[in-house]
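# Close look at the chain arrangement
The chain contents come next:
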Amino acid sequence: MAADRELARTRNIGLAAHIDAGKTTTTERMLFYSGRVHRMGEVDHGDATMDWMPQEMERGITITSAATACEWREHRINIIDTPGHVDFTAEVERSLRVLDGLILVVCGVGGVQPQTETVWRQANKYNVPRVVFINKLDRLGADFHDALHQMRSKLQAPVVAVQIPIMVDDRFEALVDLVTMRAVRWTDELGEKTEHFDIPDSVRPVAEMFHEHLLVSVADEDPVLADKYLSGEPLTEDDIRIGLREGTVRGDLIPVLCGTAFKKRGVQLLLDAVVDYLPSPLEVPEVIGINPKTDEEEIRRPDPAGPFCAILFKVTSDPFVGQLSYLRVYSGTIEKGKTVVNATTGKRERLSRLLRMHANRREDVDRISVGDIIAVVGLAGSTTGDTLCDPSHLVMLEKITFPRPVISMAIEAKTKADEEKLAEALQRITAEDPTFKVRTDTETGQQIVAGMGELHLEIIKDRLQREFGVAPNLGKPQVAYKETIQAAAEGEGRYVKQTGGRGQYGHVILRLEPAPEADGIEFESRLRGNRLSRDWIPAIRSGVRDAAQSGSLGGYQVEGVRAILLDGTEHDVDSSDMAFKIAASIAFQEVYAKARPVLLEPIMTVEVVTPDDYMGEIINDLISRRADIANITEAAGRTKVIDALVPLASMFGYSTSLRNLSQGRATYTMHPDRYQPVTAMAQVSR
């Protein structure tokens, strides 16, 4: 029972937002007011606790998700601060996979921005309960009500305001707590002292309207509350909080709070909302995995006495302790020094050292249990997405999926002496970052690195120099094109080689079909009869997938294709795995050439925010870049928002062009949307 009480007082939450919405500043304030730190760091000063990497300090942005913990109202809150820049969206993805709740920080000026929508979709994917903090209400042009409306219209979010701001001459002065129906203001510079007072007459009609909406929303969540409300009996503050909690945990309601983290207003009430509304590990659904030996479903409940089960969601390199592997524990309790099994690989791992992290600072612990987010030293054989479990109770949880890279460039060591250092550094970064890929071009022999954007690869280059002491040469950025087919086709591949001794014989009949929903190459066997033994299927599958690594149009990876093995023949003596692998590769190339191959390019969603004066020139420039203008909307202060879909190949150097076109007054954001066939005109320009 004591363990259950401790779990009930645990919150595993993350903060996510569009870039520059203020989530890292909000995290800093949460740590200060909870007593975790005694001095508030500032992102602009480069001394924020959670932005500890040199690249984060210099750029004033979050690059890697950082974990910490604090205490509030006798509750332990484990916090992950995630990046807002789209190039590092994988950090958000893996964090949301293991979190029980989320604080979505929304800029009161910008409202719902592109990365806000991306984060929202990711949270929906993992059914993460959330609260919203509308931040920066001290800024000129901030509009709480417009941000609330955008969440309903753009995100279709079931948001319900639990606070509204009190603005005086367009300045954020205080707020109305719609649960208590009292106004709150802060009376000191540090935002530690609050004063509660009656709601001003100028705000009361609006407050009463929002309060009524809140009552209706919570009454819908609980039959007892519904009966009280319909019978005219007033709902108490506790009633409202109970209804809000039930609705939030189920995902039916999303409480919205407001404030300004930079000016230290509203953060304590946000901490209260985390405790009051977001779920404990006991309130989230049990996790379901597969027993790798029996292929049967296994359930793991949040029970400290149950079999140990955790997912590894992040790997980092620490200059002092080596490789750190971050775990989220879903079931059981285990002490340091014990052995677990990596259910994904089947290998055993020893939990030699357990650490509770506070950004880049470490605190040793002797054991871990349900609900913990912890780091382990020295798990050399495990990587992101692997499941660690009790050797006697195997279970493999669902892997984490990540977006694929969209941009690449050639990389080489400057000197022969640096080649080995560069290879080792790239291997370590690849282990940490699932969206960073390294491959060797089969035609040129060059090493190619690929990532999510120019900033992503720029940060990688910077890390190679600072952390690993190697300064490589990098080529110009290249678009990560793909290839696919537009029609079905059939053909065969035959590999026959006679030597003095035993020969080689493999013969494969293959069909290729478009499969837009397939992730890569989907292989299927439709063998009939007994001309070809099914023992050769693994070798044929391997040959098909190897051939698909390099399409005939430009040597790019082939995706969205279903390869169907129809038939083939074998030789009693000369057939071998290698012969069938080569025959399958030949068959794939032959059939691929007949299936109307086409080049695919990444299309980006681009949002440009510009003053009215420059809109015409900016739209003309976007059209010249093959943009499809999707929408133009009004924003605050004679500003226009242009939404467009633009090929990535046309967007290199866009930040400089936009700055020149708008005298530095326009801004833009960009994130991947989809792949689509390259037009004939674009292929000529390539």
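An account of the accompanying structure is given in this report.

Quick notes on the rules
Residues numbered from 1 in each chain as written. Predicted model: local features only at pLDDT ≥ 70, side-chain atom pairs only at ≥ 80, totals over all residues. Heavy atoms only, no water. Core = buried A, V, L, I, M, F, W, Y, C linked by side-chain atoms within 4.5 Å. Buried < 20%, exposed > 50% of the residue type's maximum accessible area, 1.4 Å probe, protein only. Helix = DSSP H or I, 4+ residues; strand = E, 2+ residues; numbered from the N terminus. Contact = heavy atoms within 4.5 Å. Salt bridge = Lys/Arg side-chain N within 4 Å of Asp/Glu carboxyl O. Phe/Tyr/Trp six-rings, centres within 6.5 Å; stacked < 30°, edge-to-face > 60°. Lys NZ or Arg CZ within 6 Å of the ring centre and 35° of its normal. Disulfide = S-S within 2.5 Å.

On to the nonpolar core. If you look at the biggest cluster of nonpolar residues, it comprises 83 residues, and the most contacted ones within it are Ile103, Met151 and Leu244. In terms of residues, this core owes the most to one element, helix 10 (residues 267–277), which gives eight residues. Leaving out residues up to four positions away in the same chain, isoleucine 103 has contacts with Ile13, Gly14, Leu15, Ala16, Met30, Val131, Phe133, Leu270 and Val274. With 38 residues, the next largest nonpolar core counts Ile407, Tyr481, Val606 and Val608 among its residues.

Along the chain, the position of arginine 356 falls in strand 19 (residues 354–358). Residue arginine 356 is classed as buried on the basis of its relative accessible area, which comes to 16%.

What follows deals with the pattern of salt bridges. One pass over the structure, following the stated rule, counts 47 salt bridges. Note that glutamate 74 is salt-bridged to arginine 9, the shortest N-O span being 4.0 Å. One end of the pair, glutamate 74, is in the loop between strand 2 (66–72) and strand 3 (75–81); the other, arginine 9, is in the loop between helix 1 (2–8) and strand 1 (10–17), with 65 residues separating them in the sequence. A relative accessible area of 63% places glutamate 74 in the exposed class. Residues participating in the shared-partner salt-bridge network are Arg73, Glu237, Asp238, Arg241, Asp272 and Asp276.

Our next topic: the side chain of glutamine 122. With respect to the helices and strands, the residue glutamine 122 is situated in helix 5 (residues 114–125). The exposure class assigned to glutamine 122 is buried, which follows from its relative accessible area of 7%. Residues in contact with glutamine 122, not counting those within four places in the same chain, are Thr89, Val92, Glu93 and Leu96.

Tallying each qualifying case throughout the model produces six aromatic pairs. Ring geometry for tyrosine 481 and tyrosine 556: centres 5.4 Å apart, planes at 55°, overall tilted. You can see tyrosine 481 sitting in the loop between strand 28 (478–479) and strand 29 (482–485) and its partner tyrosine 556 sitting in the loop between helix 13 (537–547) and strand 33 (561–569), a full 75 residues away along the chain. With respect to class, tyrosine 481 is no different from tyrosine 556; both count as buried. The aromatic ring of tryptophan 120 is capped on one face by arginine 130, whose charged end is 4.5 Å from the ring centroid.

Locating alanine 649 in the fold gives a position in the loop between strand 36 (639–647) and helix 16 (654–662). Using a relative accessible area of 29% as the deciding quantity, one classes alanine 649 as partly exposed. Residues in contact with alanine 649, not counting those within four places in the same chain, are Val479, Tyr481, Glu601 and Arg626.

We now examine the state of the cysteines. Inspection of the entire model under this criterion finds zero disulfides. The cysteine cysteine 258 is free of any disulfide, with cysteine 107 supplying the nearest cysteine sulfur at 14 Å. The exposure class of cysteine 258 is buried, given its relative accessible area of 0%.

Along the polypeptide, aspartate 252 turns up in the loop between helix 9 (237–250) and strand 11 (254–258). As a C-alpha pair, aspartate 252 and glutamine 323 span 71 residues in sequence and 40 Å in three-dimensional space. Every residue in contact with aspartate 252, bar those within four places of it in the chain, is listed here: Pro158, Glu221 and Gly247.

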